[in-house]
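A look at the structure
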Amino acid sequence: MLKIEGLTAEIDGKTILNGIDLELPTGEVHAIMGPNGSGKSTLSYVLSGREGYEVTGGSVTFNGIDILAMEPEERAATGLFLAFQYPVELPGVGNANFLRTALNAQRRARGEPEVDAMQFLKLARAKMKALNMPEDMLKRGVNVGFSGGEKKRNDVLQMALLEPKLAILDETDSGLDIDALKIVADGVNALRGPAFSALVITHYQRLLNYIVPDRVHVLMGGRITRSGGPELAHELEAQGYGQAAA
Amino acid sequence: MPAVAETIEAVQSVTEGGYKWGFSTDIEMEFAPKGLNEDIVRFISAKKNEPAWLLEWRLKAFAIWQKMETPVWAAVQHPPIDFQDAFYYAAPTNAQKPKSLDEVDPELLKTYAKLGIPLKEQAILAGVEGAGDTPAEGRMPIAVDAVFDSVSVATTFKDRLEKDGIIFCSISEAVHKHPELVREYLGSVVPQADNFYAALNSAVFTDGSFVYIPKGVRCPMELSTYFRINAKGPGLFERTLILADAGSHVSYLEGCTAPQRDENQLHAAVVELVALDDATIKYSTVQNWYPGDAEGKGGIYNFVTKRGACRGARSKISWTQVETGSAITWKYPSCILLGDDSVGEFYSVAITNNRQQADTGTKMFHIGRNTKSTIVSKGISAGRGQNTYRGLVRISPKAVGARNFTQCDSLLIGDQCGAHTVPYIENRCMSAKVEHEATTSRIAEDQLFYCRQRGLTEEEAVGLIVNGFCREVLKELPMEFAVEAQKLLAISLEGSVG
Ligand SMILES: Nc1ncnc2c1ncn2[C@@H]1O[C@H](COP(=O)(O)OP(=O)(O)OP(=O)(O)O)[C@@H](O)[C@H]1O
Ligand SMILES: [Mg+2]
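Please read these numbers as outputs of a predicted model, since none were measured by experiment.

All names here are of chain A. Taken together, the protein ligands of the magnesium ion (ligand 2) are Ser41 (OG) and Gln85 (OE1), with distances of 2.0 to 2.1 Å. Of this pair, serine 41 sits in helix H1 (residues 40-48) while glutamine 85 is found in the loop between strand E6 (80-83) and strand E7 (90-94), placing the two residues 44 residues apart along the sequence. By relative accessible area, serine 41 is classed as buried at 18%. A residue is classified by how much of its surface remains accessible, and glutamine 85, at 15% relative accessible area, is buried.

Laid out in structure tokens, this is it:
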């Protein structure tokens, strides 16, 4: 269970999160929707521990553990994964090398045995096939020269390999074509189960046809202003934030 | 160096602290008296039982050196070196060259074992077969010449190499066994008067490696020299000479470490390469001399002259260096492209962390027609490190159709370090093409966060990003060497973030 209580945070002295309360029970998928600049990405960075995002109040626990006190890599090792709104390029760093390094870093932190190059390759190939990604993407630099959609898919591949307990997907659907959207949704659905939960940030109801959420929250002005079932997404789509969110 | 494939782990397991090669070994040493004069030069020559011509050669170098001034043009700073306050000869006391490895001081063998360099051939082979997660098939063993302070202690795989007519031995041995080759080529690429430190080296060089690859022979294994400074006080003045006869091919690796000491030690080496028609020499260095502590105390002054002459048509000399150690690095591996269609390459990674200073680069002299050179330099500065790329591309009027491509990239970590690029281009040929590209960048916060979100620590993230930055150079290294170099880069930058 992810429990966020009265969370406030600022960037460069400017308050962005104004007291967020949210409970995400283990095994559930919740969607977060909200206008541009309302603080959705900020929330995802605060949860994952990015430098420069200063928590000024409130608390966040994951399965009872205070995650705000942890380093970003420690949060990752406990199973928190963020699919970035804008995945980052790492020139010269091979995708396969990056994935294996990340996987082994997390396994090490959890006291699990590392996977060797052969095991990893087998694993990665299987996951890539499921995501319909060409294998040569393993050899290329991380996200370097990838198209917008390819970057998103590459993040989902990382998620599939790292098998997180809590995934935050920040507009992973933006920029995806219709087929890719289904593939990415399948990737998320494949992880769904009693031990997995996800926060899916999106602007479009369409994604939620494929990843059906248990709850939908509206984030406006750094606060959750409304919560409801999947039907709330349809209402927002039809009426916009002006009417539906208040 | 598969002989050194496990170096990092092996050494990490025996030492602690930032620099992991900082142990010293208890071995009885014989020193020449402190200071430098003609008598010391004679002493060294006598110790080595050298022929008269070589003593003359040394004395001439000494006379030249005495008239020279310490160079001041490099962008490095250090207190003046008192050349009279140093030892110029130190050797393990049982320096009677061992006849077989069984006679080598067990302490020495242990030292090399600690470094992950087994000197017993069967151990080397066993090490190669059992190494790593890649299959051993197709992997070549490496022949190693181990130089401990001033003396070559062991050379492996000699017999196997002799079958192909390849000579791989210490230069002292070559002076006695192959005087005609040494006499013809010694100083033919780096003359005694070349520069201050080359003149000093010519006067007092103690040992180093000698390689001769006969006509048309492709050397069946990597050749490697491993240098270790151990004794307190003396500098290391080694001299390496590699001759590749027509149509031959050789890949040579050089590695080095030193114990952690508070005082500065001088390393003034000279390396000369000669490639005849259609010959190729690939020379790779992973330099990891003790860099000094975080405050800049101690560390090696690495003042080295390396130069190769592509004398034959279509010959090729390729330098690859990964410079992570030393308090100061002053080094410009160069190519003289005499033969038509000859090729010179320089691939370099230089890291400066804490108070380290590096002024390094290359010189490419285009003299023959259609000569080509490629320069790829990656400088990484962290802490208060200062990193200068200094390069010269000179194209003579006769070098019709010559081409050069230079790329210099600098990466800064933190805001107290410096990166400088000083490229000189002297083009006296209308038809020549010279290209130069340069970039300076920093490790971006979003890159670090991306890596950390995936589970890497900040230091692992920096290591990974830096390795990515250096990829074009690292891929030029022989595979096992590349693995070691990657780990070394990460270790060198420890403590540079956060
Ligand atoms: N470094 C910064 N300094 C000042 N303000 C910032 C900084 N970074 C973000 N902000 C502001 O914080 C607010 C929230 O940004 P955030 O990226 O969280 O929005 P979002 O809900 O993800 O929007 P979108 O839907 O466009 O992705 C915006 O008004 C943004 O301009
Ligand atoms: Mg956003």
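With that out of the way, let us pick up the packing of aromatic side chains. The relative placement of two aromatic rings is captured by the distance of their centres and the angle of their planes. One pass over the full model with this rule turns up 20 aromatic pairs over all chains. Judged by centre distance (4.9 Å) and plane angle (70 degrees), the rings of Phe84(A) and Tyr450(B) are edge-to-face. With Phe84(A) in the loop between E6 and E7 and Tyr450(B) in helix H10 (residues 445-453), this residue pair bridges two chains. Take Phe84(A): its relative accessible area is 2%, and that puts it in the buried class. Residue Tyr450(B) is classed as buried on the basis of its relative accessible area of 0%. Chaining the aromatic ring pairs together yields one cluster made of Phe62(B), Trp65(B), Phe83(B), Phe196(B), Tyr197(B), Tyr301(B), Phe303(B), Trp330(B) and Tyr332(B). In this structure, Arg239(B) is placed above the aromatic ring of Phe205(B), and the distance from its NZ or CZ to the ring centre is 5.9 Å. Over the aromatic face of Phe469(B) sits the side chain of Lys378(B), whose NZ or CZ is 5.0 Å from the ring centroid.

Turning our eyes to something else, we now look at the sheet that holds strand E12 (residues 223-228) of chain A. Residue and element names in this part refer to chain A. An order of E6-E9-E10-E3-E11-E12 is seen for the six strands of this open sheet, with the pairing classed as mixed. At either end of the open sheet lies a strand with only one pairing partner, and these are E6 and E12. Strand-to-strand twist of the sheet, defined as the mean angle between neighbouring strand axes without regard to direction, takes the value 20 degrees. The pairing of strand E11 (residues 215-220) with E12 spans five bridges and is antiparallel. From the neighbouring strand, histidine 217 faces E12, where its bridge partner is serine 227.

The next subject is the site of ligand 1. All names here are of chain A. Neighbouring residues of ligand 1: 15 residues in total, closest Gly37, Lys40, Ser41, Thr42 and His203. Contacts to ligand 1 include glutamine 85, whose side-chain N or O atom sits 3.0 Å from an oxygen atom. Between glutamate 171 and ligand 1, the recorded distance is 3.3 Å, taken from a side-chain N or O atom to an oxygen atom. Burial of ligand 1 by the surrounding chains reaches 66%, relative to a free accessible area of 650 Å². Residue assignment for the shell around ligand 1 shows that the elements contributing at least two residues are strand E2 (14-24) and H1. Among the elements that line the shell around ligand 1, the one with the most residues is H1, at three residues.

Attention shifts here to the interface of chain B and chain A. How large an interface is tends to be reported as the accessible area lost when its parts come together. Tallying the contact residues gives 20 residues for chain B and 35 residues for chain A. Around 2,200 Å² of area is buried between chain B and chain A when both sides are counted, 59% of it from carbon and sulfur atoms. One can count five salt bridges joining chain B with chain A. One salt bridge connects Arg452(B) with Glu71(A), and the closest N-O pair in it is separated by 2.6 Å. Put simply, chain B and chain A have 14 residue pairs in polar contact (both at pLDDT 80 or more) between them. Looking at the side of chain B that touches chain A, the elements that each hand over two or more residues are H10 and helix H11 (458-469) of chain B. Tallying contributions element by element places H10(B) first for the side of chain B that touches chain A, with eight residues. Partitioning the side of chain B that touches chain A into residue classes produces seven nonpolar, five polar and eight charged.

Let's shift gears to the side chain of Gln106(A). Looking at the element boundaries, Gln106(A) is found in helix H3 (residues 95-109). The exposure class assigned to Gln106(A) is buried, which follows from its relative accessible area of 4%. Contacts of Gln106(A), omitting those with residues within four sequence positions, involve Ala76(A), Ala77(A), Leu162(A), Arg454(B) and Gly455(B).

Here we take up the packing of H3(A) against helix H5 (residues 148-162) of chain A. Residue and element names in this part refer to chain A. Axis separation between H3 and H5 bottoms out at 10 Å; the angle between their running directions is 35 degrees. The element H3 and its partner H5 pack so that their crossing is right-handed. Across from Asn95, Phe98, Leu99, Ala102, Leu103 and Gln106 in H3, the residues of H5 making contact are Asn154, Leu157, Gln158, Leu161 and Leu162. Residues belonging to the contact of H3 with H5 are distributed by class as follows: seven nonpolar, four polar and no charged.

Our focus in this paragraph is the confidence of the model for chain B. All names here are of chain B. Model confidence for chain B is summarised by a mean pLDDT of 81, while 77% of its residues fall at 70 or above. Predicted confidence for residues 1-17 stays below pLDDT 50, and this span has 46 contacts to residues more than four positions away or in other chains. Note that pLDDT drops below 50 for residues 122-139; the model gives that stretch 21 contacts with residues more than four away or on any other chain. Two summary scores accompany this predicted model of the complex, namely pTM at 0.83 and ipTM at 0.96.

Before going further, it helps to spend a moment on the state of the cysteines. All names here are of chain B. This model, assessed by the stated rule, comprises zero disulfides over all chains. A disulfide-free cysteine, cysteine 219 has its sulfur positioned 13 Å from the sulfur of cysteine 169, the nearest such atom. Residue cysteine 219 is classed as buried on the basis of its relative accessible area of 10%. Distance from the sulfur of cysteine 408, which forms no disulfide, to the nearest cysteine sulfur (cysteine 470) is 13 Å. By relative accessible area, which is 1% here, cysteine 408 ends up buried.

Over its 15 residues, H5(A) extends 22 Å from the first C-alpha to the last, a length consistent with the 21 Å expected when each residue adds 1.5 Å. Summarising burial for H5(A): 13 of the 15 residues are buried, a large majority.

Basis of the calculations
Residues numbered from 1 in each chain as written. Chains lettered and ligands numbered in written order. Predicted model: local features only at pLDDT ≥ 70, side-chain atom pairs only at ≥ 80, totals over all residues. Heavy atoms only, no water. Donors = N, O, S within 2.8 Å, 3.2 Å for Na, K, Ca; no water. Helix = DSSP H or I, 4+ residues; strand = E, 2+ residues; numbered from the N terminus. Buried < 20%, exposed > 50% of the residue type's maximum accessible area, 1.4 Å probe, protein only. Phe/Tyr/Trp six-rings, centres within 6.5 Å; stacked < 30°, edge-to-face > 60°. Lys NZ or Arg CZ within 6 Å of the ring centre and 35° of its normal. Pairing = 2+ DSSP bridges. Axes fitted to C-alpha atoms, helices over the stretch in contact; angles between N-to-C directions. Near = heavy atom within 4 Å. Polar contact = N/O pair within 3.5 Å; in protein donor to acceptor, adjacent residues only side chain to side chain. Areas by Shrake-Rupley, 256 points an atom, 1.4 Å probe, with all protein chains shown as cover. Contact = heavy atoms within 4.5 Å. Buried area = accessible area lost by both parts, 1.4 Å probe. Salt bridge = Lys/Arg side-chain N within 4 Å of Asp/Glu carboxyl O. Nonpolar A, V, L, I, M, F, W, Y, C, P; charged D, E, K, R; others polar. Left-handed = near helix turned anticlockwise from the far one by under 90°. pLDDT = per-residue confidence, 0-100. Disulfide = S-S within 2.5 Å. Expected span 1.5 Å × (residues − 1).

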